[in-house]
Every structure is written in structure tokens, then in C-alpha cells.
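A structural walkthrough
Residues per chain, in single letters:
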Amino acid sequence: MKRVILIGFMGSGKSTLGKKIASRLNVPFIDSDKEIETHFNKTIGEIFVENGESHFREIESNFISSLIDKEKFVLATGGGMPCFGKNMDELNDLGITFYLERSPKELANRLIQAKEHRPLIDGMEYEELVSFIENKLGQREEFYKKAAFVLNREEQTPEAIANIMTLLQPEALQKN
Ligand code: S3P
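Fair warning: this is a prediction, and the values are worked out from it, not measured in the lab.

Attention now moves to the sheet that holds strand S2 (residues 29-31). Taking strand neighbours across the sheet as the criterion, the five strands line up as S2-S3-S1-S4-S5 in an open arrangement whose pairing is parallel. Edge positions in the sheet fall to S2 and strand S5 (149-151), since each has one partner strand and no second. If you compare each strand with its neighbour and ignore which way they point, the axes differ by 20 degrees on average. Inspection of the sheet shows S2 paired to strand S3 (residues 72-76) by three bridges, in the parallel sense. Residue pairing in the sheet places Ile30 in a bridge with Leu75 of S3. Here helix H1 (residues 14-25) sits on the sheet in contact with strand S1 (2-7), S2, S3 and strand S4 (96-100), set at roughly 165 degrees to S1. Where helix H2 (residues 32-40) meets the sheet, its contacts fall on S2 and S3, and the angle it forms with S2 comes to roughly 70 degrees.

Written as C-alpha cells, this is what we have:
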């Protein structure tokens, strides 16, 4: 089984890293936000405005269930996905989860430069963004930390994750 699942706050770099790991492991890359946008032909922002956040969270839960038939992939989840309902347990059942840990200031620095539209933080100035992240991260960390691997900034490399995945393959385990 080669299912890698990257979780972490908005701006932690899940998609960028996910694409690199997928090409290294030679498996498809899936970005949950992009899949949802394509499926509903709406941006995440539009779903939030038209149907509300709780509807978006339902869509995310259904999305996890839809992955059960896929054998190999690297998934970059939306930042909030692991933190609602039983999603984190389901993600752990589905594959090997990696939490990309980053500090609130680092996340704020990355997000302030991002051009992507993110409904939860739209229009925030830097200071407001830092306190929003500190607060949200405080609520979300208990979910994120249920990941099989918690990676600090230096450990967030395609090589590190690909190596862990190689070690987790049954053939590799048998050699030890
Ligand atoms: C969200 C993160 C976003 C997206 C939505 C809500 C969150 O994904 O799913 O805007 O609640 O943290 P990214 O983490 O890819 O930005």
C-alpha cells in the first residue's frame, strides 16, 4: 500500500511537497481542495459563501470515503479536514499520515504572500493573521498530532518522506 497523506495548517506547504513525493514514489497526486472544486465546478470560496462552512466539511468527509478504492496516492488535505468529525481517524485508517508542523509566524509569512483565495483568512492584515493562526492552531493541534509522523521544518523533505515510505513497505520490513 502506498498512500501518503499530508496534513497541516493552511500554508504549511502540503501541495508543493505532495507533488514532489508523488513523483518520487511514482504515484498519483491528489489535492482535496482541487478535487472538490472540480467536482462541484465551484471554488472553495464559493462553496463557503453559497452553502456555508459546515456543508464544505460534509463534502470533505465524503471525499475521504471516496478514496477507499484507490490503492496508491499522495494526498494533500485541506487544512481543516482532519479536525472535523472522525476525519482524522479515517485518514489514519486510509494511509500513512504526516503532519507538516510549522510555527504561526512562519505560516503567517507564507500566507501573507500567497495569491490563493482562502475564505477563512481573506483580507486579514499580518498581526490579525498571526493571532488567528495561533488561536486556530491551538484548537487544531490535538487532531494534527494524531498523525503517524509529525515532521518539523527540516524533516519536511520529499527524501525524508519517501524514505519513511520505503521503510514501511512490507518487503523492507522483512529484511530487518
Ligand atoms: C481550510 C484550508 C484550505 C481549504 C479551506 C479551509 C481550513 O485548504 O480547505 O479554505 O479550514 O484550514 P489549504 O490548507 O490547502 O489552504
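With that out of the way, let us pick up the packing of H1 against helix H8 (residues 158-168). Packing of H1 against H8 leaves a shortest axis separation of 9 Å and a crossing angle of 50 degrees. Judged by the inter-axis angle, H1 sits oblique to H8. Like other packed secondary-structure pairs, H1 and H8 cross with a definite hand, here right-handed. Between H1 and H8, the contacting residues are Leu17, Lys20, Ile21, Arg24 and Leu25 on the first element and Pro158, Glu159, Ile161, Ala162 and Met165 on the second. A breakdown of the residues in the contact of H1 with H8 according to their chemical character gives seven nonpolar, no polar and three charged.

Lys14, Asp33, Arg57, Arg118 and Arg140 are the nearest of the 13 residues found near the ligand. Between the ligand and Asp33, the relevant distance is 2.7 Å, taken from an oxygen atom to a side-chain nitrogen or oxygen of the residue. The backbone of Gly79 places a nitrogen or oxygen atom 2.8 Å from an oxygen atom of the ligand. Within the complex, 95% of the 390 Å² of free accessible area of the ligand lies under protein.

Reading the values: the criteria
Residues numbered from 1 in each chain as written. Predicted model: local features only at pLDDT ≥ 70, side-chain atom pairs only at ≥ 80, totals over all residues. Heavy atoms only, no water. Pairing = 2+ DSSP bridges. Helix = DSSP H or I, 4+ residues; strand = E, 2+ residues; numbered from the N terminus. Axes fitted to C-alpha atoms, helices over the stretch in contact; angles between N-to-C directions. Contact = heavy atoms within 4.5 Å. Parallel < 35°, antiparallel > 145°, perpendicular 65-115°, else oblique. Left-handed = near helix turned anticlockwise from the far one by under 90°. Nonpolar A, V, L, I, M, F, W, Y, C, P; charged D, E, K, R; others polar. Near = heavy atom within 4 Å. Polar contact = N/O pair within 3.5 Å; in protein donor to acceptor, adjacent residues only side chain to side chain. Areas by Shrake-Rupley, 256 points an atom, 1.4 Å probe, with all protein chains shown as cover.

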